[in-house]
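# Structural characterization, general
If you want the building blocks of each chain, they are given just below.
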Amino acid sequence: MKLKKLFAACLAICISASSTVIANATSQDSALPTEYISSTTSVYTGWRYKDDATSHYIYNLSGLPIRVISYSYSGVNRTKNGYAVIPSMSQRFIQNYIRERYNDGTESDNRCRLSIRSNISGSYTTLSGAWSPDSVGNYPIANP
């Protein structure tokens, strides 16, 4: 009888352990700051750690296309081609070199943040959407 209970308990533990999903913290979305942006006024996201060499993910829910720059913790623009333009109401990947520069010793910290402004001269809106430093999914690349 004790052997059956022990076996059942072990089986229950094995099943629950094998079905546990652990998500990577850096692929979790953070809300973009809901602040005023214009073609001359930028908003910065908070610092996030980047765990791998994937692209950033961004979801622009603003009414205008936005221009995005990815900065390393040392303040260097690490965006491929200098910046990425994200159309309104769209999800995109932003290629960057944050983790690559950390891995080769050029950077001493793997944190990053985004600088975001309107991409249309003279236009303004309130920023809205989400982002993550490491991408998950299959979206178009904003800055190939």
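Everything here concerns the structure above.
Worth saying up front: this structure is predicted, and the values here are computed from it rather than measured. (Residues numbered from 1 in each chain as written. Predicted model: local features only at pLDDT ≥ 70, side-chain atom pairs only at ≥ 80, totals over all residues. Heavy atoms only, no water.)

Let us look at the overall build of the protein. If you tally the helices and strands in the protein, you get 2 helices and 11 strands. Reading the secondary structure of the protein in the N-to-C direction produces α-β-β-β-β-β-β-β-β-α-β-β-β. (Helix = DSSP H or I, 4+ residues; strand = E, 2+ residues; numbered from the N terminus.)

On inspection of all chains with the given rule, the structure shows 5 aromatic pairs. Between Tyr36 and Tyr124, the aromatic rings sit 5.9 Å apart at their centres with planes inclined by 40°, giving tilted as the arrangement. One end of the pair, Tyr36, is in strand β2 (residues 36–38); the other, Tyr124, is in strand β10 (residues 124–126), with 88 residues separating them in the sequence. On the basis of relative accessibility, which here comes to 45%, the residue Tyr36 falls in the partly exposed class. Lying over the aromatic face of Tyr83, Arg67 brings its terminal NZ or CZ to 3.8 Å of the ring centre. A cation over an aromatic ring shows up here: Arg111 above the ring of Tyr73, its NZ or CZ 3.7 Å from the ring centre. (Phe/Tyr/Trp six-rings, centres within 6.5 Å; stacked < 30°, edge-to-face > 60°. Buried < 20%, exposed > 50% of the residue type's maximum accessible area, 1.4 Å probe, protein only. Lys NZ or Arg CZ within 6 Å of the ring centre and 35° of its normal.)

Before going further, it helps to examine the sheet that holds strand β1 (residues 30–31). In a beta sheet, neighbouring strands are held together by backbone hydrogen bonds and run either parallel or antiparallel to one another. Taken in spatial order, the 4 strands of this open sheet run β1-β11-β5-β8, and their pairing is antiparallel. Two strands lie at the open edges of the sheet, namely β1 and β8 (90–94), each paired on one side alone. Here β1 runs beside strand β11 (residues 129–132); their pairing, made up of 2 bridges, is antiparallel. Each bridged residue has a counterpart across the sheet, and for Ala31 the counterpart in β11 is Ala130. (Pairing = 2+ DSSP bridges.)

Moving on, we get to the nonpolar core. Ranked by internal contacts, the top residues of the largest apolar core, which has 15 residues, are Ile58, Ile66, Val68, Ile86, Ile116 and Leu127. Going through the elements one at a time, β6 (66–72), β7 (84–86) and β9 (111–118) are the ones with two or more residues in this core. The greatest single-element share of this core, amounting to 3 residues, is contributed by β9. Not counting residues within four places of it along the chain, the set of residues in contact with Ile116 comprises Leu32, Ile37, Thr41, Ser42, Val43, Thr45, Ile58, Ile66, Arg67, Val68 and Leu127. (Core = buried A, V, L, I, M, F, W, Y, C linked by side-chain atoms within 4.5 Å. Contact = heavy atoms within 4.5 Å.)

With the rule as written, the count across this model stands at 4 salt bridges. With a shortest N-O distance of 2.7 Å, Asp134 and Lys50 are connected by a salt bridge. With Asp134 in the segment after β11 and Lys50 in the loop between β4 (48–49) and β5 (56–60), this residue pair connects regions lying 84 residues apart in the sequence. An identical accessibility class is assigned to Asp134 and Lys50; each is buried. Between Arg101 and Asp104 there is a salt bridge; the shortest N-O distance is 3.0 Å. On the basis of relative accessible area, Arg101 is assigned to the partly exposed category, the value being 27%. (Salt bridge = Lys/Arg side-chain N within 4 Å of Asp/Glu carboxyl O.)

Judged by relative accessible area, Asp134 falls into the buried class, the value being 1%. A polar atom in the side chain of Asp134 sits 2.7 Å from the side chain of Lys50. A polar side-chain atom of Asp134 sits 3.5 Å from the main-chain amide nitrogen of Asp52. (Polar contact = N/O pair within 3.5 Å; in protein donor to acceptor, adjacent residues only side chain to side chain.)

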